[in-house]
Amino acid sequence: MHTVTWRLFADLAEITGGREHTVSVDADGTVGDALDALIAEYSGLGDRVRDGDALADDVNLMQNGTPASLDSPLEDGDELAMFPPVTGG
């Protein structure tokens, strides 16, 4: 088993009631598996971050500080982050 930490921002943290969450996935798990584990714990999150089997267009996904996909393999202790697009001026 791998234990990974999710860091959530903006409305995603509001849906889950916090900014940091830990989930466990199989040793051969992917970022998508970690997302499924997180969604299983928090009702409403799946509707916000998923578009069918894909990640919603308005959600950014990072793994250890670099862009990731749902198919990216995991290592024990990875840090995953999800957040809506950031705009500024």
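Attention here is on the structure that accompanies the text.

### Details of the side chain of Arg48
Part 1: Its location among the elements puts Arg48 in helix H3 (residues 45–49).
Part 2: Its relative accessible area of 18% is what places Arg48 among the buried residues.
Part 3: Of the polar contacts made by the side chain of Arg48, one reaches the side chain of Asp58; its length is 3.1 Å.
Part 4: With near-sequence residues (within four places) excluded, Arg48 lies in contact with Asp11, Leu12, Ile15, Ala56, Asp58, Val59 and Pro84.

### Some words on the sheet that holds strand S1 (residues 2–8)
Part 1: The sheet built from 5 strands is open, its strands ordered S2-S1-S7-S5-S6 with mixed pairing. On the outer flanks of this sheet lie strand S2 (20–25) and strand S6 (66–67), each paired with one strand and no other.
Part 2: Contacts from helix H2 (residues 31–41) reach S1, S2, strand S5 (60–63) and strand S7 (79–83), with the element oriented near 120 degrees to S2.

Calculation criteria
Residues numbered from 1 in each chain as written. Predicted model: local features only at pLDDT ≥ 70, side-chain atom pairs only at ≥ 80, totals over all residues. Heavy atoms only, no water. Helix = DSSP H or I, 4+ residues; strand = E, 2+ residues; numbered from the N terminus. Buried < 20%, exposed > 50% of the residue type's maximum accessible area, 1.4 Å probe, protein only. Polar contact = N/O pair within 3.5 Å; in protein donor to acceptor, adjacent residues only side chain to side chain. Contact = heavy atoms within 4.5 Å. Pairing = 2+ DSSP bridges. Axes fitted to C-alpha atoms, helices over the stretch in contact; angles between N-to-C directions.

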